[in-house]
Amino acid sequence: IRNISIIVNQLEIYDKNNVLVIRREIEALKKRLEECEKNHTKPEYPSLPSPDIGTCEHGQIINISKPFVVQLNYVGPNHLYGGWGRDSLLGADQNVQWVAPLRTDTRLMEGMRLYPSYNDLTIYNHAAERIISKPYNNFSDCGQGGGLILYNNMFYYNCYNTLNICKYDWKNNVITRAALPGATYTNRFSYSHTAWQDIDLAADEEGLWVIYATEVNAGNIVISKLNDTSLAVLQTWNTNQFKHGVSNAFMVCGVLYATRAISTKQEEIFYMYDTKTNEEGKLSVIFDKMKEKVQSLSYNPNDHRLYMYNDAYLIHYDLSFTSLSKPKSKIMHSKINPIKIK
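About the cut-offs
Residues numbered from 1 in each chain as written. Predicted model: local features only at pLDDT ≥ 70, side-chain atom pairs only at ≥ 80, totals over all residues. Heavy atoms only, no water. Disulfide = S-S within 2.5 Å. Helix = DSSP H or I, 4+ residues; strand = E, 2+ residues; numbered from the N terminus. Buried < 20%, exposed > 50% of the residue type's maximum accessible area, 1.4 Å probe, protein only. Salt bridge = Lys/Arg side-chain N within 4 Å of Asp/Glu carboxyl O. Pairing = 2+ DSSP bridges. Axes fitted to C-alpha atoms, helices over the stretch in contact; angles between N-to-C directions. Core = buried A, V, L, I, M, F, W, Y, C linked by side-chain atoms within 4.5 Å. Contact = heavy atoms within 4.5 Å. Patch = residues over 30% accessible without salt bridge, like charges linked within 9 Å, V, L, I, M, F, W, Y side chains within 5 Å. Areas by Shrake-Rupley, 256 points an atom, 1.4 Å probe, with all protein chains shown as cover. Lys, Arg positive; Asp, Glu negative; His and termini not counted. Charge placed at Lys NZ, Arg CZ, Asp CG, Glu CD. Phe/Tyr/Trp six-rings, centres within 6.5 Å; stacked < 30°, edge-to-face > 60°.

## Things to note about the state of the cysteines
No. 1: One pass over the full model with this rule turns up 2 disulfides.
No. 2: Disulfide pairing is shown between Cys-56 and Cys-253; the S-S distance is 2.1 Å. Sign of the S-S torsion, about -95 degrees for the bond between Cys-56 and Cys-253, identifies this disulfide as left-handed. Residue Cys-56 is found in the loop between α2 (16-39) and β1 (61-64), and its partner Cys-253 is found in the loop between β17 (248-252) and β18 (255-261); the two are separated by 197 residues along the sequence.
No. 3: On the basis of relative accessibility, which here comes to 7%, the residue Cys-253 falls in the buried class.
No. 4: Paired through a disulfide, Cys-159 and Cys-166 show a sulfur-sulfur distance of 2.1 Å.

See the structure below:
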């Protein structure tokens, strides 16, 4: 209505007949708007107050906001794969923004930029750039796939062409690594629309996690809790969800959430696994995306947001949860025994 009103003011100068037509359209739009407001019904799940940041005093995810498109990554639209976000350690400095696009081969991560503030990110200003590419060393220090994360000022990622996890101290340019026992790699069990993300690092209120698959578990998703200092595996859970049937996944309060594409413009959170109760279930939370493929998806416990790298664009979403007193939606559950690694 506001846009048409502007057009009316312009048309009044040139064509009074057109003005009358447009005004009739405005009246029709106003009537439609009144009818919509009168017939508007509340959604099945009304908007809920956000639980306190940093706590897990809430139930499962119930809604995801519309996508907020921040901008294109700093190297351009041909770099479709990568990751971005803020430090995912609970209580960490949230001013710093990181972006790590992969090469156009969709596999090699050889560097990243860190911006001191969100405003600097939006205008590509004051970036601290780090390059870890060493071709003479077969790129062994580089990353593979978009499953990287910044946690406690350290980058964690799948070391190139190995089943190792790398921890990169970007301030001191020091890399440490440790093997992830049994993990498949080199595109054996990546996500459905994202190559080379066999090993996906994640973080939430409870610490650092890794999402991957093993031959022993028939390519189904495996979740492991990691010691962020030594990279040792503390505990492991096997799920029944085939990893290649998932477009991406993330952790919230010890619960794995997995997504799948339902169209070129929409994704659905359709699967969850609770590491506390060893229960898995189905749910349906649909959300929009700007581009067709989701190259990375990570949760930040400091703001209850999802950070998505979506065909070269940096996007984030706000999450809403059920309250603990509210009954959960109907989902199928089955109990699975965890594997504890001493």
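Now that the structure has been shown, the text picks up again.
## So, the pattern of salt bridges
No. 1: Considering all chains together, one arrives at 10 salt bridges under this definition.
No. 2: Among the salt bridges present, the one from Arg-260 reaches Glu-268, with a minimum N-O distance of 2.9 Å.
No. 3: By relative accessible area, which is 7% here, Glu-268 ends up buried.

## Here we look at the sheet that holds strand β7 (residues 128-131)
No. 1: If you trace the 4 strands from one edge of the open sheet to the other, you get β3-β4-β6-β7, paired in antiparallel fashion. Only two strands of the sheet have a single neighbouring strand rather than two, namely β3 (82-86) and β7. Strand-to-strand twist across the sheet, computed as the mean angle between neighbouring axes with direction ignored, equals 15 degrees.
No. 2: Examined bridge by bridge, strand β6 (residues 111-115) and β7 share 4 bridges and lie antiparallel to one another. Residue pairing for β7: Arg-113 is matched across the bridge by Glu-129.

## Section: the nonpolar core
No. 1: Counting 21 residues, the largest nonpolar core has Ile-61, Ile-64, Phe-250, Val-252, Tyr-257 and Ile-269 as its most contacted members.
No. 2: Looking at this core, the elements that each hand over two or more residues are β1, β17, β18, β19 (266-274), β20 (279-288), β21 (296-300), β22 (305-310) and β23 (313-321).
No. 3: Top element by residues in this core is β23. It accounts for 4 residues.
No. 4: Among all residues touching Phe-250, those that are not within four sequence positions of it are Ile-61, Ile-211, Val-255, Leu-256, Tyr-257, Thr-259, Ile-269, Leu-297, Ser-298, Tyr-299 and Leu-306.
No. 5: Within the second largest apolar cluster, 20 residues are counted, among which are Ile-132, Phe-155, Cys-166 and Trp-170.

## What about a negative patch on the surface?
No. 1: Where like charges cluster on the molecular surface, the negative patch consists of Glu-27, Glu-34, Glu-35 and Glu-37.
No. 2: By the secondary structure assignment, Glu-37 is in helix α2.

## Let's talk about the side chain of His-316
No. 1: By the secondary structure assignment, His-316 is in strand β23.
No. 2: Residue His-316 is classed as buried on the basis of its relative accessible area, which comes to 7%.
No. 3: The contacts of His-316, once residues within four sequence positions are left out, are Lys-66, Pro-67, Phe-68, Val-70, Trp-84, Arg-305, Leu-306 and Tyr-307.

## Some thoughts on the packing of aromatic side chains
Any two aromatic rings considered together are summarised by their centre-to-centre distance and by the angle between their planes.
No. 1: Applying the stated criterion to the full structure yields 9 aromatic pairs.
No. 2: Here the aromatic rings of Trp-84 and Tyr-307 are separated by 5.0 Å at their centres, their planes lie at 75 degrees, and the arrangement is edge-to-face. Of the two residues, Trp-84 is situated in strand β3 and Tyr-307 in strand β22; the sequence distance between them amounts to 223 residues.
No. 3: A relative accessible area of 3% means that Tyr-307 is categorised as buried.
No. 4: A centroid spacing of 5.9 Å and a plane angle of 75 degrees characterise the contact between Phe-189 and Phe-242, whose relative ring orientation is edge-to-face.

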